[in-house]
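Descriptive structure summary
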Amino acid sequence: GKTFGIFQFESTGITNFMKELKPDCFEDIVAGVSLYRPGPMDQIPRYIKGKLNPGHNEYTHQSLEPILNVTYGCMVYQEQVMQIVRDLAGYSLGRADLVRRAMGKKKLDVMAKEREIFINGQVNEDGTIDVPGCVRNGIDAQSADKIFDEMSEFAKYAFNKSHAAAYAVVSYRTAYLKRYYKEELMAATLNSFLGNLDKIPVYIQDCKDMGIEILNPSINQSYTKFTVVNNKIRFGLGSVKNVGVAVIDSIVRER
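The text that follows walks through the structure, step by step, so that each part is easy to find. (Residues numbered from 1 in each chain as written. Predicted model: local features only at pLDDT ≥ 70, side-chain atom pairs only at ≥ 80, totals over all residues. Heavy atoms only, no water.)

1. Let's talk about the sheet that holds strand 4 (residues 227-229)
Across the sheet, 3 strands lie side by side as 3-5-4; this open sheet has mixed pairing. Each edge of the open sheet is held by one strand with a lone partner, namely strand 3 (214-215) and strand 4. Both strand 3 and strand 5 (residues 232-234) contribute to a ladder of 2 bridges, which runs parallel. If you follow Ile214 over to strand 5, its bridge partner there is Ile233. Packed onto the sheet, helix 10 (residues 182-192) meets strand 4 and strand 5 and runs at close to 25° relative to strand 5. (Pairing = 2+ DSSP bridges. Helix = DSSP H or I, 4+ residues; strand = E, 2+ residues; numbered from the N terminus. Contact = heavy atoms within 4.5 Å. Axes fitted to C-alpha atoms, helices over the stretch in contact; angles between N-to-C directions.)

Written out as structure tokens, the structure is:
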């Protein structure tokens, strides 16, 4: 639960989610970034249940298993929506992306039309099949309708996986730094809020909770920013109230 300073994982809610999930692979971090937002957040209990009970994932229809098994039966990413309409209903890549965008932008007229096509397919005037649809692919209409509802609700706020993975890389790296280079990371974090009298005390308290000693501001030792000295953090003069940066720079030059 020591997530202060870790990108995307500082809030109490997502910290509690991670403590319950106990992530042990990069995929869990990517999923955590994606799930903790309105819409996908509803899938969190189901994701945790699947993670902690391997082999007991729940699927609206078994045809979803190859697509959703990596996320324990939950829709987590926009790419999964695209793969569902392609694999279950036979959509092309281009049309699958149009459906994703329509769902994300809540275009009700487009979605109503695509629901029918997703379930029953689309036949051209010359009798050729443009989109086979779920029913032609052996999926009953009731399950197909329910799957479309789930996709529509989920896609309003969904991340694409590449976006979530890029965020998760930064999260993983900052977590690594906090574990193995905690003084340097916390000094850098404090410097990112230099002069912010609301944020600085919070991170200083986190440093103290980790056993990092915060050295007092010193006219002879401090710089504008927080600095690491022998595994301790020297308070930066830039966060002393009513002391301007120009004055500090002058002090540093003089000494």
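2. A few points about the packing of aromatic side chains
Considering all chains together, one arrives at 8 aromatic pairs under this definition. With centroids separated by 5.9 Å and ring planes inclined at 85°, the aromatic side chains of Phe159 and Tyr167 adopt a geometry described as edge-to-face. Look at Tyr167 and you get partly exposed, because its relative accessible area is 27%. Summarising the aromatic geometry, the rings of Tyr176 and Tyr180 are spaced 4.8 Å apart at their centres and angled 45° between planes, so their arrangement reads as tilted. With a gap of 4 residues between them, Tyr176 and Tyr180 both fall in helix 9 (residues 161-180), about one helical turn apart. Members of the aromatic cluster, connected to one another through ring pairs, are Phe4, Phe193 and Tyr203. Arg37 extends its terminal NZ or CZ atom over the ring of Phe159, reaching a point 3.8 Å from the ring centre. The aromatic ring of Tyr180 is capped on one face by Arg179, whose charged end is 5.0 Å from the ring centroid. (Phe/Tyr/Trp six-rings, centres within 6.5 Å; stacked < 30°, edge-to-face > 60°. Buried < 20%, exposed > 50% of the residue type's maximum accessible area, 1.4 Å probe, protein only. Lys NZ or Arg CZ within 6 Å of the ring centre and 35° of its normal.)

3. With respect to a nonpolar patch on the surface
A grouping of Phe26, Val169, Tyr172, Tyr176, Leu177, Tyr180 and Tyr181 is seen on the molecular surface, where their side chains present a nonpolar patch of about 690 Å² in accessible area. For the nonpolar patch, the element with the highest residue contribution is helix 9, accounting for 5 residues. Under the relative-accessibility criterion, Phe26 is labelled partly exposed at 36%. (Patch = residues over 30% accessible without salt bridge, like charges linked within 9 Å, V, L, I, M, F, W, Y side chains within 5 Å. Areas by Shrake-Rupley, 256 points an atom, 1.4 Å probe, with all protein chains shown as cover. Salt bridge = Lys/Arg side-chain N within 4 Å of Asp/Glu carboxyl O.)

4. So, the state of the cysteines
Under the criterion given, the structure shown has 0 disulfides. Free cysteine Cys25: the closest other cysteine sulfur is in Cys74, separated by 14 Å. A relative accessible area of 0% means that Cys74 is categorised as buried. (Disulfide = S-S within 2.5 Å.)

5. Focus on the nonpolar core
With 30 residues, the main nonpolar core has Ile84, Leu88, Tyr91, Met103, Phe118, Ile147 and Met151 as its most contacted residues. Secondary-structure elements contributing two or more residues to this core are helix 4 (65-68), helix 5 (78-89), helix 6 (93-104), helix 7 (108-120) and helix 8 (141-155). For Ile147, the contacting residues outside a window of four places in its chain are Thr60, His61, Leu64, Met75, Ile84, Leu88 and Phe118. Of all hydrophobic cores here, the second largest spans 21 residues; its members include Phe9, Ala31, Ile44 and Ala168. (Core = buried A, V, L, I, M, F, W, Y, C linked by side-chain atoms within 4.5 Å.)

Purely spatial values, then, with no claim about function.
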